[in-house]
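# Structural overview for review
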Amino acid sequence: MVKAVVLGAAGGIGQPLALLLKTNPLVTELGLYDIVNTPGVAADLSHIATPAKVEGYLPPDSGLAKTLKGADVVIIPAGVPRKPGVTRDDLFKINAGIVHDLAQGIAATAPDAFVLVISNPVNSTVPIVAEVYKKLGKFNPKRLFGVTTLDVVRASTFVAETLGDLSKSTEVVVPVVGGHSGVTIVPLLSRSSHPLPTAFDTEKLEALTKRIQFGGDEVVKAKDGNGSATLSMAYAGAEFANKIIKALSGGESLIAPSYVHLDADKEGGAALKKEIGKELDYFSTNVQIGPDGVEKILPLGKLTDYERQLIGSAVPELTANIEKGATFQRTPAAKV
Ligand SMILES: NC(=O)c1ccc[n+]([C@@H]2O[C@H](COP(=O)([O-])OP(=O)(O)OC[C@H]3O[C@@H](n4cnc5c(N)ncnc54)[C@H](O)[C@@H]3O)[C@@H](O)[C@H]2O)c1
Ligand SMILES: O=C(O)C[C@H](O)C(=O)O
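This report concerns the structure included in the present document. These figures come from a predicted structure and were not determined experimentally. (Residues numbered from 1 in each chain as written. Chains lettered and ligands numbered in written order. Predicted model: local features only at pLDDT ≥ 70, side-chain atom pairs only at ≥ 80, totals over all residues. Heavy atoms only, no water.)

### A look at the site of ligand 2
Around ligand 2 sit Arg-82, Arg-88, Asn-120, Leu-150, Arg-154, His-180, Gly-216, Ser-228 and Ala-229, and those are all the residues in its vicinity. The side chain of Arg-88 places a nitrogen or oxygen atom 2.8 Å from an oxygen atom of ligand 2. Separating an oxygen atom of ligand 2 from a side-chain N or O atom of Arg-154 is a distance of 2.7 Å. If ligand 2 stood free it would expose 260 Å²; the protein chains cover 95% of that surface. Of the residues contributing to the shell around ligand 2, the split by class is two nonpolar, four polar and three charged. (Near = heavy atom within 4 Å. Polar contact = N/O pair within 3.5 Å; in protein donor to acceptor, adjacent residues only side chain to side chain. Areas by Shrake-Rupley, 256 points an atom, 1.4 Å probe, with all protein chains shown as cover. Nonpolar A, V, L, I, M, F, W, Y, C, P; charged D, E, K, R; others polar.)

### With respect to the layout of surface pockets
In this approach, a probe sized like a water molecule rolls over the atoms, and the result shows the empty space that is left. Looking at the largest pocket, its volume works out to about 860 Å³. Taken together, the elements giving at least two residues each to the lining of the largest pocket come down to α4 (92-109), α6 (149-162) and α8 (215-223). Of all the elements, α4 adds the most residues to the lining of the largest pocket, at six residues. Among the residues making up the lining of the largest pocket, the classes are represented as 22 nonpolar, 16 polar and six charged. Counting only domains with at least three residues in the lining of the largest pocket, you end up with domain 1 (2-146) and domain 2 (147-327). Here the second largest pocket is characterised by a volume of approximately 490 Å³. Listed by contribution, the elements that provide at least two residues to the lining of the second largest pocket are α6, β7 (176-178), α9 (231-250), β9 (254-261) and β10 (282-290). Tallying contributions element by element places α6 first for the lining of the second largest pocket, with five residues. (1 Å grid on protein atoms, 1.4 Å probe; cavity = no way out; pocket = protein on both sides within 12 Å on 5 of 7 lines; lining within 4 Å. Points joined across faces, edges and corners; volume = space filled by probe spheres on them. Helix = DSSP H or I, 4+ residues; strand = E, 2+ residues; numbered from the N terminus. Domains from an automatic or database assignment.)

### Examining empty space enclosed by the protein
The tally for this structure, following the rule as stated, stands at one cavity of 30 Å³ or more. The space that makes up the largest cavity amounts to roughly 50 Å³. Lining the largest cavity we find Lys-3, Glu-29, Leu-30, Gly-31, Lys-53, Val-54, Glu-55, Tyr-57, Lys-66 and Thr-67. At four residues, strand β3 (residues 53-57) tops the list of elements feeding residues into the lining of the largest cavity. Residue composition of the lining of the largest cavity, grouped by class: three nonpolar, two polar and five charged.

In structure tokens form, the structure reads like this:
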């Protein structure tokens with residue numbers, strides 16, 4: 001019996017993500033909230049012959065609280081996406097306030113729910129959620145996750161392409177650590193489950209690394225003003241959410257990459273900070289997740305000199321992004 005909720009459920013990510021969640025037989029209730037169109041999306045999905053009972057609400061008449069009542073997992077893709085020439089950090093102006101207010105709603109109605117943040121800039125929006133919870137004395141770092149799965153999905157695809165065999169993309173696993181924007185995305189290609197060709201020189205390694213770091217830009221450019229990744233993000237979001245749902249309902253521990261507060265596992269977090277060489281509060285890495293949330297933050301492990309260099313370049317931007325989110329004060333939104 002799992003109630004999953006999507007906030008921003010009528011959007012480009014929200015709709016296909018809700019569809020994928022509706023196909024998960026472990027989900028018995030699916031709550032959909034947005035400022036537009038959720039009754040229609042919910043009516044549509046409710047005709048699919050799977051167990052989840054679907055309800056969609058809008059802001060009037062305490063729609064957010066009604067959607068969140070009894071939620072076990074809350075996924076947040078609410079907010080504006082990028083256009084060409086816009087950075088994820090530029091989205092902060094609008095999305096920080098949206099995520100802040102939704103976090104207040106979750107903390108009020110479903111404070112123990114697992115919260116999965118998709119809204120960009122993830123490096124900053126996750127700290128915003130944490131601060132809202134801290135102010136209310138309800139922060140549990142074990143249950144807050146920044147969704148970085150799309151970077152891992154892209155790495156699998158691009159490595160399989162490089163190996164000339166897309167059918168391998170479901171098997172290829174590449175750890176991607178750090179954060180979720182540009183240079184803060186650090187693929188550890190030396191640890192790919194499927195090694196790169198021996199003739200792969202530094203230039204090719206750098207190009208593949210850049211493609212994974214800036215994969216989001218490829219989609220923004222191709223959509224040409226009509227938003228950013230939605231379908232691949234819904235796929236990645238569902239992959240991560242379904243792991244959480246499995247851990248919650250089966251009592252089974254699973255390993256998945258996520259951007260977490262390093263207090264989620266104090267011992268593992270302290271060891272990771274040593275590996276990074278910096279006192280960061282948040283970092284994306286593989287975490288072990290059980291029915292109560294994060295059980296272990298796993299170490300980065302063996303890195304090449306190039307990967308160390310990449311982490312060195314990620315840390316200053318990540319530090320600034322975290323600081324920006326953690327010190328955010330709610331004021332009326334400005335336009336991007
Ligand atoms: N983490 C990732 O890897 C990743 C990947 C892709 C996109 N994103 C981010 O996800 C976000 C959503 O992208 P999208 O393409 O779905 O955008 P979209 O504009 O298609 O959808 C966003 C939805 O959020 C809704 N919304 C706005 N304010 C709201 C509020 N206060 N409460 C509830 N809903 C609200 C909108 O009505 C809209 O339906 C963006 O910030 C984007 O940058 C993150
Ligand atoms: O690129 C974006 O703005 C959306 C998302 O973060 C992505 O990586 O595709």
